[in-house]
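Examining the three-dimensional arrangement
For reference, the chains in residue letters:
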Amino acid sequence: MKPIAAAFIFFTRLPLWRLKACNVAPGYFRDTINYWAVTGWLTATVMAGTLWLSAQVLPYAVAVVLAILTRILLTGALHEDGLADFLDGFGGGTNRDKVLAIMKDSHIGTYGVIGLIFYFLLFSLLLFHLSLPVACIAILVADPFCKLIGSQIIRFLPYARTEESSKSKVIYRKPMPVAFLISCLFGLLPLMLLPDTRWLTALVCPLLVFGMLIRLMRKKIGGYTGDCCGALFLLCELSFYIGIIICANYFTA
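Throughout what follows, the structure given in this document is the object of discussion. Just so we're clear, the structure is a prediction, and the values are computed from it rather than from any experiment. Residue indices begin from 1 for each chain and proceed along its sequence in written order. pLDDT decides what is reported in this predicted model: residues at 70 or higher carry local features, side-chain atom pairs at 80 or more are listed and counted, and totals for whole chains, interfaces and linings draw on all residues regardless. Excluding hydrogens and water, the side-chain figures rest on all heavy atoms present in the structure.

A word on helix 9 (residues 177-188)
This is how it is decided: Secondary structure elements follow DSSP: runs of H or I no shorter than four residues count as helices, runs of E no shorter than two count as strands, and numbering proceeds from the N terminus. Given the number of residues in a helix, its expected span is that number minus one, multiplied by 1.5 Å. In this analysis, two residues are considered to be in contact whenever any of their non-hydrogen atoms come within 4.5 Å of each other.
Here helix 9 spans 16 Å end to end across 12 residues, near enough to the 16 Å set by a 1.5 Å rise per residue. Among the structural elements, helix 2 (36-55) and helix 7 (132-151) are those in contact with the buried residues of helix 9.

Structure follows, in structure tokens:
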């Protein structure tokens, strides 16, 4: 339970560190990415719940914005910050050292600003063009599943920095079999919520995005950083919603 508690402390802004049961040693944070999908159940439930409840009393477009905002508040915009740094680094860096230096800079640049604008615009439009029940199901599936995919980055790439030069001062370690099984359970079980087995074809989109981003990271910096993890999750999730839109258009009776 300690690594799972560490994951919730690291990936959310809930004050769990105040609880004695969640007082975990620093070493447990090296395993947080292996339980990333577990935290997805919380963030997905809160986001889907906000969307459903808000849509009962507010225009659907407003409910979509509130749902997205709720997850941002819950995570402290941790992943969005990673996406902005990733876009700045990979967009403006001309070599490995320059890319890493830009990503570590706390200031946001042009690529990050423009990228976040288009990310949130596309994210909100994709949810808006899904019916309320389908959007809620998509959220419950996409969040943990794409965090499961994102957590696999440590299997394909080494960490691009040293532990001392990393932002969080933590280098993730590859999961033990039990941790991997738990991650798969929490990441794959929500797929049962999809209304039709044909909708599983939507999974092709995040898998393709994962492969392309892994190749890009290997080529540009020879590894990954924490910012790369956040960007990988959000872009895989975004592509999953694109797949869901396609499925909703072609597989709905």
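Section: the pattern of salt bridges
Let me state the cut-off plainly: Think of a salt bridge as a Lys or Arg side-chain nitrogen and an Asp or Glu carboxyl oxygen that are within 4 Å of each other. Here the term buried applies to any residue with accessible area under 20% of the maximum for its type, exposed to any over 50%, and partly exposed to those in between, with areas from a 1.4 Å probe on protein chains only.
Enumeration over the complete set of coordinates arrives at 6 salt bridges. The salt bridge involving Arg 173 is made with Asp 31; its shortest N-O contact spans 2.8 Å. With Arg 173 in the loop between helix 8 (153-156) and helix 9 and Asp 31 in the loop between helix 1 (2-11) and helix 2, this residue pair connects regions lying 142 residues apart in the sequence. Residue class for Arg 173 comes out partly exposed when judged on its relative accessible area of 35%. Assessed through its relative accessible area of 14%, Asp 31 is described here as buried. A salt bridge links Arg 71 to Asp 143; the shortest N-O distance between them is 3.1 Å.

Here's the deal with the side chain of Ser 54
One can find Ser 54 in helix 2. Overall, Ser 54 belongs to the buried group, its relative accessible area being 12%. Look past the residues within four positions of Ser 54 in its chain and what remains in contact with it is Ala 63 and Leu 66.

Fair warning: the whole summary comes from geometry, so function is off the table for now.
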